[in-house]
Amino acid sequence: MQTRLSAAFLETTAGREADGILRKCVHCGFCAATCPTYQLLGDELDGPRGRIYLIKEMLEGATPTQATQLHLDRCLTCRACETTCPSGVRYGRLLDIGRQHVERVVPRTLRERFLRYALLTVVPHRRRVGFLLALARLMRGLLPASLKQAVPLARPSGGWPPPRHRRRMVVLTGCAQPATAPGINAAAARVLDRLGISLIAVADGCCGALAHHMSAEDTSRRQMRRNIDAWWPEIERGAEAVVVTASGCGAMIRDYGTLLHHDSEYATRAARVSEMMRDISQVVVQELAGSNALPQRADAAARARRVAFHSPCTLQHGLKLRDLIEPLLQRAGYTLTSVADGHLCCGSAGSYSLLQPAIARQLKTNRLAALQADAPDLIATANIGCLLHLASGTGRPVRHWIELLAEGLMD
Ligand code: SF4
Ligand code: SF4
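Residues numbered from 1 in each chain as written. Chains lettered and ligands numbered in written order. Predicted model: local features only at pLDDT ≥ 70, side-chain atom pairs only at ≥ 80, totals over all residues. Heavy atoms only, no water.

S.K.: Could you give me a rundown of the nonpolar core, with the residues and numbers involved?
M.R.: One finds Tyr256, Val284, Trp401 and Ile402 to be the most contacted residues of the largest nonpolar core, which totals 71 residues. If you tally residues by element for this core, the top one is helix α12 (residues 183-194), at six residues. Apart from residues lying up to four places away in sequence, Tyr256 is in contact with Cys207, Met224, Asn227, Ile228, Trp231, Ala270, Val273 and Ser274. Among the nonpolar cores identified, the runner-up in size contains 23 residues, and Cys25, Cys31, Leu72 and Val89 belong to it. (Core = buried A, V, L, I, M, F, W, Y, C linked by side-chain atoms within 4.5 Å. Buried < 20%, exposed > 50% of the residue type's maximum accessible area, 1.4 Å probe, protein only. Helix = DSSP H or I, 4+ residues; strand = E, 2+ residues; numbered from the N terminus. Contact = heavy atoms within 4.5 Å.)

S.K.: Account for the packing of aromatic side chains, naming residues and giving values.
M.R.: For the coordinates displayed, the defined rule picks out zero aromatic pairs. Geometry around Trp232 places Arg269 over its ring, the cationic atom sitting 5.9 Å from the centre. Above the plane of the ring of Tyr266 lies Arg269, whose end atom (NZ or CZ) is 4.5 Å from the centre. (Phe/Tyr/Trp six-rings, centres within 6.5 Å; stacked < 30°, edge-to-face > 60°. Lys NZ or Arg CZ within 6 Å of the ring centre and 35° of its normal.)

S.K.: Help me get a handle on the sheet that holds strand β1 (residues 167-171), residues and values and all.
M.R.: Taken in spatial order, the four strands make up an open sheet running β2-β1-β3-β4, and their pairing is parallel. This sheet does not close on itself; its edge strands, each paired only once, are β2 (197-201) and β4 (277-279). The sheet shows a mean angle of 40° between the axes of neighbouring strands, direction not considered. Contacting β3 (242-244) and β4, helix α17 (residues 267-276) crosses the sheet at an angle of about 25° to β4. Along the sheet face, helix α18 (residues 280-288) touches β1, β2, β3 and β4 and points at about 80° away from the line of β4. (Pairing = 2+ DSSP bridges. Axes fitted to C-alpha atoms, helices over the stretch in contact; angles between N-to-C directions.)

S.K.: Explain a nonpolar patch on the surface residue by residue, including any values.
M.R.: A contiguous nonpolar surface patch, about 670 Å² in accessible area, is contributed by Phe131, Leu132, Leu135, Leu138, Met139 and Leu142. Owing to a relative accessible area of 73%, Leu142 belongs among the exposed residues under this scheme. (Patch = residues over 30% accessible without salt bridge, like charges linked within 9 Å, V, L, I, M, F, W, Y side chains within 5 Å. Areas by Shrake-Rupley, 256 points an atom, 1.4 Å probe, with all protein chains shown as cover. Salt bridge = Lys/Arg side-chain N within 4 Å of Asp/Glu carboxyl O.)

S.K.: How would you sum up the pairing of strand β7 (residues 378-381)? Please name residues and give values.
M.R.: Across the two faces of β7 the burial is the same, with Leu378 and Ala380 and Ile379 and Thr381 all buried. As defined by bridge partners, β7 adjoins strand β8 (residues 398-400) across three bridges and the pair is classed as parallel. Of the residues in β8, the one forming a bridge with Ala380 is Arg399. Considered for its hand, the β-α-β crossover made up of β7, helix α24 (residues 384-391) and β8 is right-handed. (Right-handed = clockwise from strand over helix to strand, strands pointing away.)

Okay, here's the thing in structure tokens:
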């Protein structure tokens, strides 16, 4: 694609980066075939190619409007289009740059500003999420059925083994996850303990993704720097990896190096943290290569459980990790059911389910229909956002796969 970006943009690093990305696009439109919002809304401007044009026009000098903002807001950042694109267009990064520009130029309505402020003030803080969740659980009986299902039930988290191994890895504790599903990281710690690795949790806090995707860059950078500061002493003591059990956070941490590239104080450490980031599935697969360290349970009850696996977009399109988890579940004794259109987003997409509820609801309905078509006993996934979003639309249990793996192990 030919570009004529305005001189003002070409003077900036982001402008030059956007120019390079835009020039790779050959307008073929292949990406539209796998774009969930294009499939749902049928408008070229709600597909990747249309959004790329909007961003190009803006960076060439056109003034963005509220319509531009809406089309960019409606993007899930699922990056299915990146997986499909034959030219390697880094759409996700281009969208970040486009959104940041729109955010500076197009004012938001009072309602939007309030909602965004509320999200940024509550979600990244475990204690605030925990408080609201406790309140919602207390009032659960009074809520209408649709809202009742959205309140996750409390489940025992299971034990976290003491740090007894020479090999250590540090884990992102996260924000919403420890408040809503504390059993996930504990299950990861038990599995790694069986593999001879101690998992160390040093501080809780958001990875920065929520703020980043809402173009609140200062907040996002503050959260990234705080995490690096919290993990660094463990890294210096020899921690082998920064383990993440929510693929959405993993995709964000993998970009710390790029996002803090111009921060003279943090750039080197951010790049090191990005290199060390491992989704929990990568660690388990690597540690199990050629070993029999995780024998499956012998009882037939575990083997009989049928699981539908939902691969989050951040796992398959963001981190490009595919076909790692399904064999692990089978190895632990579960039977996988077939799921159509496994590349499609469930509609959770960070804050998307709250900011674009109608589209998110429709995508959830579609995804649940595909996941439940083969009558599984439960649904497994690899990201807390997808887990909570899907669970709010079904009576079937929705769990993180590492919890199932921990339960499938022989005691
Ligand atoms: S990131 Fe997802 S929703 Fe956005 S344009 Fe690409 S495929 Fe469509
Ligand atoms: S598939 Fe890639 S090259 Fe083709 S229109 Fe989409 S982004 Fe551009």
